[in-house]
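# Structure assessment
Residues per chain are reported as follows:
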Amino acid sequence: MLNLFQHLFQWVTIHHGKKDAYVGRECLDTSNMDTLFLSRSSENPILRKEFIMDLLKAINERKSIRAFKSDPIPREKIEEILRLSILAPSAINLQPWEFIVVTGEEKERLSRRLIKTYQEKRISCSPDTVKPLPKTFGKRGAKTLEAMKPFFKEMEVDPDQFINEGSCHFYGAPVAILICLDDSFSKARLVDIGITLGYFVLTAHDFGLGACPIGLITAYEDEIKDLLNIPENKNVVIGVALGYPDWESPINRFKSPRAKLDELVRWVD
């Protein structure tokens with residue numbers, strides 16, 4: 001079965017008589033992807049069907065990856081993932097997200113700085129609540145941690161150390177993505193950041209990459225801003241580890257459970 005990007009390549013070749021894209025997603029020009037889908041998807045039912053199937057497959061398969069290979073990711077591939085991610089909707093089309101891509105030695109410096117700061121301050125992963133957490137939510141978190149224990153045991157690692165220091169090290173991923181928001185915006189625009197983050201992790205999965213959103217690093221925002229020269233008026237909302245999954249690591253067999261639909265949905269007829 002051809003994937004979405006191969007169908008796009010065929011469409012471009014047929015309709016334009018030239019190869020503006022490479023099969024395999026390596027160099028696809030997605031700058032006008034929204035126009036392409038809006039204007040042509042209805043004319044090409046095969047393209048529409050394959051797009052829907054690829055999307056549903058990515059939604060069902062994707063999971064957070066917590067062990068990565070050190071293999072570098074081509075810059076062009078990262079750029080294509082970001083180009084697709086910024087097609088996400090936002091209020092009044094403000095597109096408030098700003099991405100900082102950290103790679104190579106700078107990424108290693110960032111990881112060392114974060115781990116050192118964590119070891120000094122000991123701010124750990126938590127639900128980050130502003131009042132006592134209802135039992136329903138607490139049970140979900142506890143259930144997830146319990147499900148992870150066999151994998152930690154197999155790896156012979158301390159769970160707290162693995163999660164906290166792993167988060168600060170972006171679980172060994174070669175790329176760290178920081179998503180920032182200008183401080184002129186209210187917290188309402190965090191919704192837009194969440195939407196583009198959803199686009200990002202799904203697109204990364206479709207490109208054969210793993211990703212893991214990491215919130216802990218925002219507890220050490222001052223250190224991040226200092227190291228990467230991020231302006232004071234930019235808030236670091238969340239980080240994302242990005243890389244090729246290390247499928248030999250037991251932790252990557254884990255996929256977090258989900259609550260049943262009737263626990264999360266209320267119908268008003």
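Look up a bit, the structure's there.
Counting restarts for each chain: residues are numbered from 1 in the order of the written sequence. Residues qualify for local features only when their pLDDT is at least 70, as the model is predicted, and side-chain atom pairs are given and counted only at 80 or more; totals for whole chains, interfaces and linings, by contrast, use all residues. Side-chain metrics in this entry use all non-hydrogen atoms of the structure; hydrogen atoms and water are not considered.

Two rings belonging to Phe, Tyr or Trp (six-membered ring only in the last case) form a pair when the distance between their centres is within 6.5 Å. Interplanar angles under 30 degrees mark stacking, angles over 60 mark edge-to-face geometry, and anything in between is tilted. For the structure shown, the criterion picks out three aromatic pairs. Seen from their ring centres, Phe162 and Tyr171 are 5.6 Å apart, and the 40 degrees between their planes marks the pair as tilted. Three or more aromatic residues link up through ring pairs in this structure, and these residues are Phe152, Phe162 and Tyr171.

Per-residue accessibility, obtained with a 1.4 Å probe over protein chains only, is compared with the maximum for each type, and a residue is labelled buried under 20%, exposed over 50%, and partly exposed between these values. Numbering of helices and strands runs from the N terminus, with a helix taken as a DSSP run of H or I at least four residues long and a strand as a DSSP run of E at least two residues long. Judged by how many residues are buried, strand β3 (residues 210-214) sits mostly within the fold: four of five residues are covered. Sheet topology note: the β3/strand β4 (residues 234-243) ladder contains five bridges and is antiparallel. Considered in β4, the bridge of Ala211 is made with Leu242. In this description, strands pair whenever DSSP reports at least two bridges between them.

Moving on, we get to the nonpolar core. Among buried residues, the Ala, Val, Leu, Ile, Met, Phe, Trp, Tyr and Cys ones that are joined through side-chain atoms within 4.5 Å form a nonpolar core. Counting 33 residues, the largest nonpolar core has Leu110, Leu114, Phe170, Ile224 and Leu228 as its most contacted members. Mapped onto this core, the elements with two or more residues apiece are α5 (104-121), α6 (135-155), α7 (159-168), β2 (175-182), β3, α9 (221-228) and β4. In terms of residues, this core owes the most to one element, α5, which gives four residues. Ile73, Ala88, Ile238 and Val240 belong to the second-largest nonpolar core, a separate cluster that totals 22 residues.

Strand order in the open sheet made by the four strands is β1-β2-β4-β3, with antiparallel pairing throughout. Since the sheet does not close on itself, it has two edges, and those belong to β1 (97-103) and β3, each with one partner. Strand-to-strand twist in this sheet, taken as the mean axis angle between neighbours without regard to direction, amounts to 25 degrees. Bridge count between β2 and β4: eight bridges; the pairing is antiparallel. The residue of β4 that forms the bridge with Ala176 is Ala241. Should any heavy atoms of two residues lie within 4.5 Å, those residues are counted as being in contact. Structural elements are reduced to axes, namely lines fitted to C-alpha atoms, with helices fitted over the stretch in contact, and the angle between N-to-C directions of any two is expressed from 0 to 180 degrees. Of the strands in this sheet, β1 and β2 are in contact with α5, which crosses β1 at around 100 degrees.

Expected span of a helix, by definition, is 1.5 Å for each gap between consecutive residues, and there is one gap fewer than residues. Between its terminal C-alpha atoms helix α8 (residues 190-206) stretches 25 Å, which fits the 24 Å expected from 17 residues at 1.5 Å a residue. What α8 keeps buried is the set Asp192, Ile193, Thr196, Leu197, Phe200, Val201, Thr203 and Ala204. Relative to the axis of α8, the buried residues are bounded by an arc of 165 degrees and lie together on one face. Elements in contact with the buried residues of α8: α4 (75-85), β1, β2, β3 and β4. Gly208 sits one or two residues past α8 and shows a positive phi near 80 degrees. An arc is given here, and it is the one of the directions from the helix axis to the C-beta atoms.

With phi around 45 degrees, Gln95 is a residue other than glycine that occupies positive phi space. Checked against the element boundaries, Gln95 lands in the loop between α4 and β1. The phi torsion at Arg122 lies on the positive side, around 55 degrees, for a residue other than glycine. You can see Arg122 is positioned in the loop between α5 and α6.

Time to look at the environment of Pro250. You can see Pro250 is positioned in the loop between β4 and α10 (261-264). In this structure Pro250 comes out as buried when scored by relative accessible area, which is 14%. It is 7.1 Å that separates the C-alpha atoms of Pro250 and Glu154, two residues lying 96 residues apart in sequence. When neighbours within four sequence positions are excluded, Pro250 is seen to be in contact with Phe151, Glu154 and Met155.

Where α5 meets α7, the axes come as close as 7 Å, and the angle between the chain directions of the two elements is 140 degrees. Between α5 and α7, the interaxial angle falls into the category oblique. Only Asn164, Glu165 and Cys168 of α7 make contact with α5, whose side of the interface consists of Ser111, Leu114, Ile115, Tyr118 and Gln119. Gly counts as polar in this scheme, as do all residues outside two lists: the nonpolar Ala, Val, Leu, Ile, Met, Phe, Trp, Tyr, Cys and Pro, and the charged Asp, Glu, Lys and Arg. Split by residue class, the contact of α5 with α7 holds four nonpolar, three polar and one charged. For this classification, under 35 degrees means roughly parallel, over 145 means roughly antiparallel, 65 to 115 means roughly perpendicular, and everything else is oblique.

Treat this as a map of the structure, not an account of what it does.
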